[in-house]
Amino acid sequence: MLALVLAALRARRVQALTLVLLSTLAGAAAAAAPWYVLASTERIATRHVDNAPIQERSLETIGEGPVEGGSVEAQIAAQAELTQRIVGLSGFVTYTEAFLDGTPSTGSSQGTKGGGTDARNTDSPLAVRTDVCSHATFEGRCPSAADEVAVSYRTARWLRVKAGDTLAYGAVTLTKPLQLKVVGVYRPDDPAAPFWSSNADLVAQTLPTSAPPEMTEPVDDALLAAPALFDKSLSGVTIRTIVDMVAQPRLLVDNAPGDVTDRLAGATVEAGNNRLTLNTQLPETIGKVERDRQLVSLGVPVGAFQLLILCWFALYLAVKYTGEERRPDVGLVKLRGATRLRTWALVSGQSALPMLAGALLGLPIGYAAATAVNGTINDTRVNALAFGLSVGAVVVAVLGALLAALLAERRSLSSSVSDLLRQASARNRVWRDLFDLVLVVLAVVAVYQVKHRAAGDAAGLALLAPGLAALAFALVAARLITFTAGRMVEGALRHGHPGRALTAIYLARRPGVHRLAALMIATVALLCTSALTWNAGRSAGETRAQLEVGADKVLTVRAENRLALLNAVRATDPDGRFAMAAVASVISNNDRVLLVDSPRLAAVATWRPEYGPSAAQTAALLHPAAPAPVSMTGGELTADITTHFATEEAGRVVYLDAVFGNAKGERIAARFGPLAEGRTTLKAPVPGCESPPGCRLSSLQIVQSTQEQKIFFAARPGPDVVVHGLTAGGQAVLSKELLADRTRWRLGVNGNPPNLIVTPVADGLHLTVAPVRSSGVSDPGVYPLDTPAPLPSVRATRLQPRLVGDQRVSYGSVSISEDVAATARALPRLGTRGVLIDLEYADRLGADFGAGESLQVWLNASAPANITQLLQDRGLIVLGEETIDGTADRYASFGPPLTLQFMLLSGIVGFALAIGAATVVGAVERRPRARELDALRSQGAPAGLIRRVGIEGYLVLAISSLVFGLILAAVIRAYIGDVLPYFADGWSAP
């Protein structure tokens, strides 16, 4: 019997090979689904954990009390071990530290909070951070003794200390302040790395409340101490010990998200029983991972099942058409007295063997396809599970295919010998019409569920809606094709078009044509629908990435301040072809603020229609013409001034400061004085301004100090100074005419009251210290007006009308008047709420030498490959990198896009199935069609007509199916829309 089956397969090689191919596709689809789902779970967990904010992927335990056992290191190590035991999960990186909350201070009021005018202090905690010396660079060294500390570069700048100085550290729990020696000034290697960002007390993120104008960035960074300080100097003092555990992707790869959530809930209670407080926002990330996994676990099997249905349908058609050709063979077998069992074995074996061969081929092909698209599975246990599920899925696919084959062969096996030998055509059966009707009803129900589901719901028949709608209405469209063809026959004959009539007869009366047409229409519709949905999702991902990133590549960098960033980027790209400096700030009420070097906006930024005016128009709005800044080049400055003291104050000395900023962003004060009564010519060194481009004047200030303390602050009432001119190397820096022009001078914009009264006089600028000193901090300077005022801006959200001149925008430590030049639906990196202003003008107007929350360099695609090194050569340190392509790829690796990707692959395979089924039909019909056409030729039909009829039937069927498929895809897309949202968080384009 096996030999007879093999001989039959050899006789019909094309049909057999096509069955092998169709079965391979079915087996590959079934095998790929489990691998794809389980590989997606790893990929989803990895993406979510890697991209979650540090607060949403970490936990901490906090203990309070004195150092026990004489060693703070042993105490925090014991707490780390206890925390790991309580949590009971692998997949974390652990960091430990100990803190004492207090106030370091310098000046005449050391150890107090907010003392005299020369005192400076911060709310910096004293910290022991395990292994901190290998995660920072030090000017000086890392502390090791019981009286040593290291201060961050920001805190050191504010407290005005350096290695070798001392400071006082006071705390509520201390009887008297500690006198500590500063042995190093540290700078974190990467403040955004988990080592530093996992604990909010290490690196300050915001300015202190009511910060003075000279405080331009957060300064409450931790003071690093050696364990010896806690062991000896803080013996018996209550401290905080903290264990930070940062989750890694394998936490949610090795463990089910629900198990992790349950474990964390139990750990919170157990930590409390051990006198620890456990805090975590990990459930936020776990919830996102679980949602994405559920979408993939639901969507991919639905897509695979939908593809299997198409596979079985295609196999049914292929076997049915092949069976029509085998009917005489079956009749002869029955005529020779073969038993029913042998007849079944002969007939089914011709379908079963190719299908089994295809299934064996499909298993490795499905694995290879799934891993090529979605990556491999790293966990060996998950690998074994995926293999078992794939084998089971292939078995289901093969059983379904065999059942479809038996249904297709049922008529041949049940027919009489006479019917088999004369090849009688099949009669239409009521159950087939009933099956079509059931499919239509299911499609209507599925579409109804899609249109009336809750927002974000993807359950039930909703995911099957496009496939059911395509298949059901494809059956209707296929019947329309055959019905229309039948109605055309009479008209074609009447009008003398025999070729058209014969083609219509073929389409109307050939058994199974409408089924083949339905398969082709459905697969075209599903492929187009999947492609349109996938393309729309990818386009949305690209749009979101462009909105969130702003340029092809954005580097987060570390620089001295905004001016240093601006100068470094302009020096790196002097022509403005590929690089632009930008600064992001969030301190503007509820607005986010983005400062950009706007003349380079059009060349560098990826500009979108949502941004309102074009990039060039926006740049023109943000950067209108303004007076040139006052600058100088030289090492010494000469001042011609007249001083008068209206009131005397014993023990004080008064100076006139000309404050400059150089190309490195350094604040350089040329200090003239002590000032004496009368007109004098004074000189002051200006280090750092000797070489081009020199330095830019930021302000003129009247400051004072005491003879005992060399700490300078805004002068108290009494001094009266007229500045007649400033020169450098014989060249005028500030001419008498410029000084006397009141339109070229302004007071501060930082929100603090001005300390000076400014009056232009014939021979200069008259500066008088205000006779009434306001409470709090005052602004000691007068500033050259070298920017538009108020500052032009573009807003993403139009604000409600307010009082004239009351509209303000804040960044760094300043709050300035704002002129809203244009509005937009959205702005780069800001979204639908934010403010865009010019970086150069904002920096000049602010005059605070501030940094901002995020210093950035935007790059376009033409940036050189060594741009990072070029920027580092200019003094910038690159901390991170974002790209539009990378961000879009990140969004494409979450749950919904992975599901849509699989559905697209299913659509491609389905289309290949339709081609395979059509190939079988063509191969089976080749001989009977040849006999029919030969008969027509022998009856006198022209050869051209015969050739036309032989091709036209298939061509019309293919074109009609393609057209109906495209129309059906458009209808499904328009009415059903996206069954799955591309973004799980519900994001949509502004």
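Residues numbered from 1 in each chain as written. Predicted model: local features only at pLDDT ≥ 70, side-chain atom pairs only at ≥ 80, totals over all residues. Heavy atoms only, no water.

Colleague: Please set out the overall build of the protein residue by residue, giving values where relevant.
Modeller: When helices and strands are tallied, the protein shows 25 helices and 34 strands. Here the protein, with 990 residues, has 53% of them falling under the buried criterion. The contacts of the protein with a sequence gap of at least 6 include a subset with a gap of at least 24, amounting to 81%. (Helix = DSSP H or I, 4+ residues; strand = E, 2+ residues; numbered from the N terminus. Buried < 20%, exposed > 50% of the residue type's maximum accessible area, 1.4 Å probe, protein only. Contact = heavy atoms within 4.5 Å.)

Colleague: Help me get a handle on the sheet that holds strand S13 (residues 553-558), residues and values and all.
Modeller: Strand order across the open sheet formed by nine strands is S30-S31-S29-S32-S15-S14-S33-S13-S34, with mixed pairing between neighbours. Among the strands making up the open sheet, the edge pair consists of strand S30 (808-811) and strand S34 (877-883). Strand-to-strand twist in this sheet, taken as the mean axis angle between neighbours without regard to direction, amounts to 35°. Note that strand S14 (residues 579-585) and strand S33 (residues 854-859) share six bridges and pair antiparallel. Each residue of the ladder has a partner; that of Ala582, found in S33, is Gln856. Contacting strand S15 (593-596), strand S29 (791-795), strand S31 (814-823) and strand S32 (835-838), helix H19 (residues 615-622) crosses the sheet at an angle of about 145° to S29. (Pairing = 2+ DSSP bridges. Axes fitted to C-alpha atoms, helices over the stretch in contact; angles between N-to-C directions.)

Colleague: Mind laying out the nonpolar core, listing which residues take part and the relevant values?
Modeller: One finds Leu516, Leu519 and Leu913 to be the most contacted residues of the largest nonpolar core, which totals 57 residues. Elements supplying a minimum of two residues to this core: helix H2 (13-51), helix H9 (282-335), helix H11 (380-414), helix H14 (465-494), helix H15 (498-509), helix H16 (513-549), helix H24 (895-938) and helix H25 (943-975). The biggest single contributor to this core is H9, with 12 residues. One finds Leu656, Ala684, Leu726 and Leu756 within the second-largest nonpolar core, a separate group that totals 38 residues. (Core = buried A, V, L, I, M, F, W, Y, C linked by side-chain atoms within 4.5 Å.)

Colleague: An account of the state of the cysteines is needed here, citing residue identities and associated values.
Modeller: Applying the stated criterion to the full structure yields two disulfides. The partner cysteine of Cys133 in its disulfide is Cys142, sulfur to sulfur 1.9 Å. Residues Cys133 and Cys142 are joined by a disulfide whose S-S torsion is about -65°; by sign, that bridge is left-handed. With relative accessibility at 17%, the residue Cys142 sits in the buried group. The disulfide partner of Cys689 is Cys695, and the gap between their sulfur atoms is 1.9 Å. Looking down the S-S bond of the Cys689 and Cys695 bridge, the torsion is -100°, so its handedness is left-handed. The two residues Cys689 and Cys695 agree in class, both being buried. Each bonded cysteine of the protein gets a number by its place in the sequence, and the pairs then read 1-2, 3-4. (Disulfide = S-S within 2.5 Å.)

Colleague: Requested: an account of the environment of Thr529, with residues and values cited.
Modeller: Relative to the elements of secondary structure, Thr529 occurs in helix H16. Residue Thr529 is classed as buried on the basis of its relative accessible area of 7%. Spatially, the C-alpha atoms of Thr529 and Ile972 are 7.2 Å apart, while their sequence positions differ by 443 residues. In contact with Thr529, other than residues within four places in its own chain, are Ala969 and Ile972.

Colleague: Report on the pairing of strand S1 (residues 58-65), specifying residues and quantitative values.
Modeller: The buried fraction of S1 amounts to seven of the eight residues, a majority that puts the element mostly inside the structure. Pairing between S1 and strand S11 (residues 239-247): eight bridges, direction antiparallel. By the bridge assignment for S11, Glu60 is matched with Asp244. Of the pairings in the sheet, the one linking S1 to strand S12 (residues 277-280) comprises four bridges and is antiparallel in character. Within S12, the position partnered with Ile62 by the bridge is Thr277.

Colleague: Which residues make up the packing of aromatic side chains, and what values do they have?
Modeller: For the coordinates displayed, the defined rule picks out 12 aromatic pairs. Ring geometry for Tyr95 against Phe195: centres 5.6 Å apart, planes inclined by 85°, an arrangement best described as edge-to-face. Of this pair, Tyr95 sits in strand S2 (residues 92-100) while Phe195 sits in helix H5 (residues 194-197); the two residues are 100 residues apart in sequence, bridging distant segments of the chain. For Tyr95, a relative accessible area of 17% puts it in the buried group. On the basis of relative accessibility, which here comes to 4%, the residue Phe195 falls in the buried class. An aromatic cluster of at least three residues, connected via ring pairs, comprises Trp534, Tyr891, Phe894, Tyr982, Phe983 and Trp987. Here Arg187 stacks its cationic end above the ring of Tyr153, 3.8 Å away from the centre of that ring. Over the ring of Phe983 we find Arg544, and its NZ or CZ is 4.9 Å from the ring centre. (Phe/Tyr/Trp six-rings, centres within 6.5 Å; stacked < 30°, edge-to-face > 60°. Lys NZ or Arg CZ within 6 Å of the ring centre and 35° of its normal.)

Colleague: Summarise H14; cite the residues concerned and give the values.
Modeller: With 30 residues, H14 should cover 44 Å at 1.5 Å per step; its first-to-last C-alpha distance of 44 Å lies within 8% of that length. Roughly 30° is the biggest bend found in H14, and it falls at Met488. (Expected span 1.5 Å × (residues − 1). Bend = angle between axes of the 7 residues up to and from the residue.)

Colleague: Would you mind going over the side chain of Asp657 in detail, with residue names and values included?
Modeller: For Asp657, the position within the fold is in strand S18 (residues 652-662). Overall, Asp657 belongs to the buried group, its relative accessible area being 2%. Among the polar contacts made by the side chain of Asp657, one reaches the side chain of Arg671 at a distance of 2.8 Å. (Polar contact = N/O pair within 3.5 Å; in protein donor to acceptor, adjacent residues only side chain to side chain.)

Colleague: Please provide a residue-by-residue account of helix H3 (residues 72-87), values included.
Modeller: Taking 1.5 Å of rise per residue, 16 residues should cover 22 Å, and H3 covers 22 Å from first to last C-alpha, within 8% of that figure. Taken together, the buried positions of H3 are occupied by Val72, Gln75, Ile76, Gln79, Ala80, Leu82, Thr83, Ile86 and Val87. Axial view of H3: buried residues confined to an arc of 170°, hence all on one face. Elements in contact with the buried residues of H3: S1, S2, helix H6 (227-233), S11 and helix H8 (257-273). Where H3 terminates, the next one or two residues include Gly88, which has phi positive at roughly 70°. (Arc of directions from axis to C-beta.)

Colleague: Tell me about the pattern of salt bridges, and please be specific about residues and values.
Modeller: Scanning the model with the defined rule gives 26 salt bridges in all. The partner of Glu148 in a salt bridge is Arg141, and the shortest N-O contact between them spans 2.6 Å. When its relative accessible area of 8% is taken as the criterion, Glu148 is described as buried. Residues participating in the shared-partner salt-bridge network are Arg570, Asp573, Asp597, Arg600, Glu840 and Arg844. (Salt bridge = Lys/Arg side-chain N within 4 Å of Asp/Glu carboxyl O.)

Colleague: Tell me about unusual backbone geometry, and name the residues and values.
Modeller: Looking along the chain, the bond that leaves Gly673 and enters Pro674 is cis, with omega of 5°. Here Pro674 shows up in the loop between strand S19 (667-672) and strand S20 (678-685). Note that the residue after Ala789, namely Pro790, is joined by a cis bond; omega there is -5°. Its identity is not glycine, yet Asp131 carries a phi of approximately 65°, on the positive side. Structurally, the position occupied by Asp131 is in the loop between strand S5 (126-129) and strand S6 (136-140). A residue is classified by how much of its surface remains accessible, and Asp131, at 48% relative accessible area, is partly exposed.

Any link to function would need more than the numbers given here.
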